Amino acid sequence: MDELLIGNTKIKYKIVIKNIKRTYFRVKEDYVLVTTNKYQKKSDIIDFIKKRSDRFIRIINEKNEEKPFTLWGKEYNIIQQNSSKFRYHIFENEIYLYSNKTINEAIKQLLKKEIIKKYNDIKNEIEDKICKMNLKLLKTNFRFLKSRYGSCNLKTKEITINSFLARIDIIYFKYVLFHEYAHLIEPNHQKPFYEVLDHFMINHKEIQKRLKKIAIY
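An account of the accompanying structure is given in this report. (Residues numbered from 1 in each chain as written. Predicted model: local features only at pLDDT ≥ 70, side-chain atom pairs only at ≥ 80, totals over all residues. Heavy atoms only, no water.)

## Digging into the overall build of the protein chain
Phase 1: Regarding its fold elements, the protein chain presents six helices and eleven strands.
Phase 2: Structurally, the protein chain occupies a C-alpha span of about 50 × 45 × 30 Å along its principal axes.
Phase 3: Within the protein chain, the fraction of its 217 residues that count as buried is 39%.
Phase 4: Sequence separation of at least 24 residues holds for 46% of the intrachain contacts in the protein chain that already meet a minimum separation of 6.
Phase 5: When the accessible area of the protein chain is evaluated, it comes to approximately 13600 Å², of which 45% is carbon and sulfur surface.
Phase 6: In the protein chain, the 45 positive side-chain charges and the 26 negative ones have mean positions that sit 6 Å from each other. (Helix = DSSP H or I, 4+ residues; strand = E, 2+ residues; numbered from the N terminus. Buried < 20%, exposed > 50% of the residue type's maximum accessible area, 1.4 Å probe, protein only. Contact = heavy atoms within 4.5 Å. Areas by Shrake-Rupley, 256 points an atom, 1.4 Å probe, with all protein chains shown as cover. Lys, Arg positive; Asp, Glu negative; His and termini not counted. Charge placed at Lys NZ, Arg CZ, Asp CG, Glu CD.)

Encoded structure:
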């Protein structure tokens, strides 16, 4: 692990060499993970971190500050009770969470159950729109992901959705679903890809812009 001093703030970073063509920067809990190839100059990596230091510092701070629990964009107080059988009850401003696991693991279970329920509620809406582009609903998996909101496996024809999306407004969940279905028609993020998204969700650019500012935690 290395460190950079930006003003009065230290940014920790870790460089991992892999057999890849491009260089990727991802913010972990309290550092920047750089995945790159053996030909990439370290000086160029450092210059990039310095140029984007404000963004990296903001995301690191967001990841480490204590945040209120939210479900579909609404804040709740979590009250955990010990129980061998997982269950939860949602009231006006409180969620009673019954579990014998850690609070973080119990919350992940809650988010997965909530996003599956919401998916069943909106599945017909999603299907109606993708059918107009000659697509069918795919098998959709839900689990907590640390660094992405969703993915589409073009070989297995399966979609994976980050259950974290249950913490924020449902519009972002719909956007990620449409985004992944658009990859079935246009695999790469080129102009034709976004033209497909136009058919699914006319305001997708604004939604994507707002979603990029939300850190996964």
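That was the structure; now back to the text.
## Quick word on the environment of histidine 89
Phase 1: Looking at the secondary structure, you find histidine 89 in strand 7 (residues 87-90).
Phase 2: Between the C-alpha atom of histidine 89 and that of isoleucine 79, which follows or precedes it by ten residues, the distance is 10.0 Å.
Phase 3: Among residues more than four places away in sequence, those in contact with histidine 89 are Glu94, Ile95, Tyr96 and Tyr98.

## Some remarks on the layout of surface pockets
Phase 1: What the largest pocket holds in volume is close to 1700 Å³.
Phase 2: Lining the largest pocket are 39 residues, and of these Arg26, Ser147, Arg148, His189 and Lys212 sit closest to its centre.
Phase 3: Sorting the residues of the lining of the largest pocket by element identifies strand 3 (24-27), helix 2 (53-64), strand 10 (150-153), helix 4 (170-182) and helix 6 (204-211) as the ones contributing at least two each.
Phase 4: When residues in the lining of the largest pocket are grouped by element, the largest group, six residues, is from helix 2.
Phase 5: In the lining of the largest pocket, the residues fall into 17 nonpolar, nine polar and 13 charged. (1 Å grid on protein atoms, 1.4 Å probe; cavity = no way out; pocket = protein on both sides within 12 Å on 5 of 7 lines; lining within 4 Å. Points joined across faces, edges and corners; volume = space filled by probe spheres on them. Nonpolar A, V, L, I, M, F, W, Y, C, P; charged D, E, K, R; others polar.)

## What about the side chain of threonine 36?
Phase 1: As for its placement among the helices and strands, threonine 36 is situated in strand 4 (residues 31-36).
Phase 2: Accessibility expressed as a relative area gives 1% for threonine 36, which makes it buried.
Phase 3: Look past the residues within four positions of threonine 36 in its chain and what remains in contact with it is Ile15, Val16, Ile17, Lys18, Ile20, Arg22, Thr23 and Ile45.

## Overview of the pattern of salt bridges
Phase 1: Evaluated as defined, the whole model comprises eight salt bridges.
Phase 2: The salt bridge partner of glutamate 105 is lysine 108, with a shortest N-O separation of 3.8 Å. Of this pair, glutamate 105 and lysine 108 both sit in helix 3 (residues 103-131), three residues apart, roughly one helical turn.
Phase 3: A salt bridge links glutamate 206 to arginine 210; the nearest nitrogen and oxygen atoms lie 3.7 Å apart. Here glutamate 206 and its partner arginine 210 are both found in helix 6, four residues apart, which amounts to about one turn of the helix.
Phase 4: Taking the relative accessible area as the measure of exposure, glutamate 206 reaches 40% and is therefore partly exposed.
Phase 5: Given the relative accessible area of 34%, arginine 210 is considered partly exposed. (Salt bridge = Lys/Arg side-chain N within 4 Å of Asp/Glu carboxyl O.)

## Concerning the environment of leucine 211
Phase 1: For leucine 211, the location among the structural elements is in helix 6.
Phase 2: Judged by its relative accessible area of 4%, leucine 211 falls in the buried class.
Phase 3: Excluding anything up to four places from it in sequence, leucine 211 contacts Tyr149, Ile168, Tyr172, Tyr175 and Val176.

## Points about unusual backbone geometry
Phase 1: With a phi angle near 55°, tryptophan 72 is a residue other than glycine that sits in the positive phi range.
Phase 2: Position of tryptophan 72 among the secondary structure elements: in the loop between strand 5 (69-71) and strand 6 (74-81).
Phase 3: The phi torsion at asparagine 134 lies on the positive side, around 60°, for a residue other than glycine.
Phase 4: The residue asparagine 134 is located in the loop between helix 3 and strand 9 (139-143) in this model.

## Examining the packing of helix 4 against helix 6
Phase 1: Interaxial distance between helix 4 and helix 6 falls to 10 Å at its minimum, and their mutual angle equals 110°. In this view, helix 4 runs roughly perpendicular relative to helix 6, as classed from their interaxial angle. Here helix 4 and helix 6 pass one another in a crossing that is left-handed. Contacts between helix 4 and helix 6 involve Ile171, Tyr172, Tyr175, Val176 and His179 on the former and, on the latter, His204, Ile207, Gln208, Arg210 and Leu211.
Phase 2: Looking at the contact of helix 4 with helix 6 residue by residue, the classes come out as six nonpolar, three polar and one charged. (Axes fitted to C-alpha atoms, helices over the stretch in contact; angles between N-to-C directions. Parallel < 35°, antiparallel > 145°, perpendicular 65-115°, else oblique. Left-handed = near helix turned anticlockwise from the far one by under 90°.)

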